[in-house]
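Chains, contacts and geometry: an overview
Each chain, letter by letter, is given below.
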Amino acid sequence: MTSRLTHHMPRVRHQLGEQMKIGDRGYRVRGYLANRQATTLGHEPQLIRVFARAMTSRQGPFVDVGANTGQTLLKVLSIDSARPYLGFEPQVGCCFCIGQFLEDNGLDHAQVLPLALSDREGLFALHGKGSFDEMASAKPRPGARAHWVMARVGDHVLAELGMSEPGVLKIDVEGAELEVLAGLRHTLANAHPVVFFEVLPNFRGEDRVPLPGPTAQRNRVRAAQIHGLLTELGYRIQQIGHDGTCRTISAIELDDREKFRGRDYVAWPPLDNELQVLD
């Protein structure tokens, strides 16, 4: 017991503000790192019902692009605790939390990689507030700090991992969904996973303030490209409402502030027409 206390006391002092002296100055050192792993199913609960239907229709691995702190991982475990899971998350702190959770619980069939997926390979600047930002993105925003992360083409990574036939694919990457889908085009065309993705509307905040004209137009073009890419491959797209019900759409509408139903969508492949009964 004495040896454990001796080990922890310096960490406690650092946690309380004692600095580490190196050379001619003091440095802040965190004595302990807070666990930021998601611990409840309260984040976007409306997705659980649709995830369950998708996982029933597809028995392959669940690929989670934009894993953050494990919000989707918990949903997958609640539906099928044995389902193979592969997460991608460029924020290293988030990967550490998920990795610890997987190790502590012996979840050998699940893993998370500190990568972003895109349609090109290389480094890019990710802008985020802190190490666990749910809204971290390639777009600069006030108060966000940029750091370099590695991006890989999704088709290439899945082929290297021997996971070229995922059953379900979820993409939540704060505006970079088009690039992720483009980098997974071969997988979509050949494996036909059920695809969940997010598209942000052309307004923000509870008051639904419209975005500036050029930004809104850019978003419309990208949404149309997402819709075109998926429908060209035979997918049928539904918008997921706040209550978990789904409605088939012919276009992704970003500007209707009065009838806004939600920012989440599911694309069903041609082989799953019989499961599209959530309208």
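Criteria and cut-off values
- Residues numbered from 1 in each chain as written.
- Predicted model: local features only at pLDDT ≥ 70, side-chain atom pairs only at ≥ 80, totals over all residues.
- Heavy atoms only, no water.
- Phe/Tyr/Trp six-rings, centres within 6.5 Å; stacked < 30°, edge-to-face > 60°.
- Helix = DSSP H or I, 4+ residues; strand = E, 2+ residues; numbered from the N terminus.
- Buried < 20%, exposed > 50% of the residue type's maximum accessible area, 1.4 Å probe, protein only.
- Lys NZ or Arg CZ within 6 Å of the ring centre and 35° of its normal.
- Salt bridge = Lys/Arg side-chain N within 4 Å of Asp/Glu carboxyl O.

Let us look at the packing of aromatic side chains. For the structure shown, the criterion picks out five aromatic pairs. Measuring from centroid to centroid gives 6.5 Å for F62 and Y85, while their planes differ by 20°, and the two rings are stacked. With F62 in strand β3 (residues 62–65) and Y85 in strand β4 (residues 85–88), the pair connects residues that are 23 residues apart, well separated along the chain. Judged by its relative accessible area of 2%, Y85 falls in the buried class. Relative to Y265, the ring of F197 lies with its centre 5.4 Å away and its plane at 15°, an arrangement referred to as stacked. Note that F197 is positioned in strand β10 (residues 194–198) and Y265 in strand β15 (residues 264–268), a separation of 68 residues in sequence. Side by side, F197 and Y265 carry an identical accessibility label, which is buried. One aromatic cluster is present, formed by F51, F62, Y85 and F196 through successive ring pairs. Across the ring face of Y27, the terminal group of R25 is positioned such that the distance to the ring centre comes to 4.1 Å.

The next thing to look at is the pattern of salt bridges. Enumeration according to the criterion identifies eight salt bridges in this entry. Two residues, R83 and D80, come together in a salt bridge whose shortest N-O distance is 3.3 Å. Judged by relative accessible area, R83 falls into the buried class, the value being 4%. Linking E121 and R152 is a salt bridge whose minimum nitrogen-to-oxygen distance equals 3.1 Å. Taken as a pair, E121 in the loop between β6 (116–118) and β7 (122–128) and R152 in strand β8 (residues 145–153) lie far apart in primary sequence, 31 residues in all. For E121, a relative accessible area of 40% puts it in the partly exposed group. Residue R152 is classed as buried on the basis of its relative accessible area of 18%. Among the charged side chains, a salt-bridge network with shared partners connects E121, R152 and E160.

Fair warning: the whole summary comes from geometry, so function is off the table for now.
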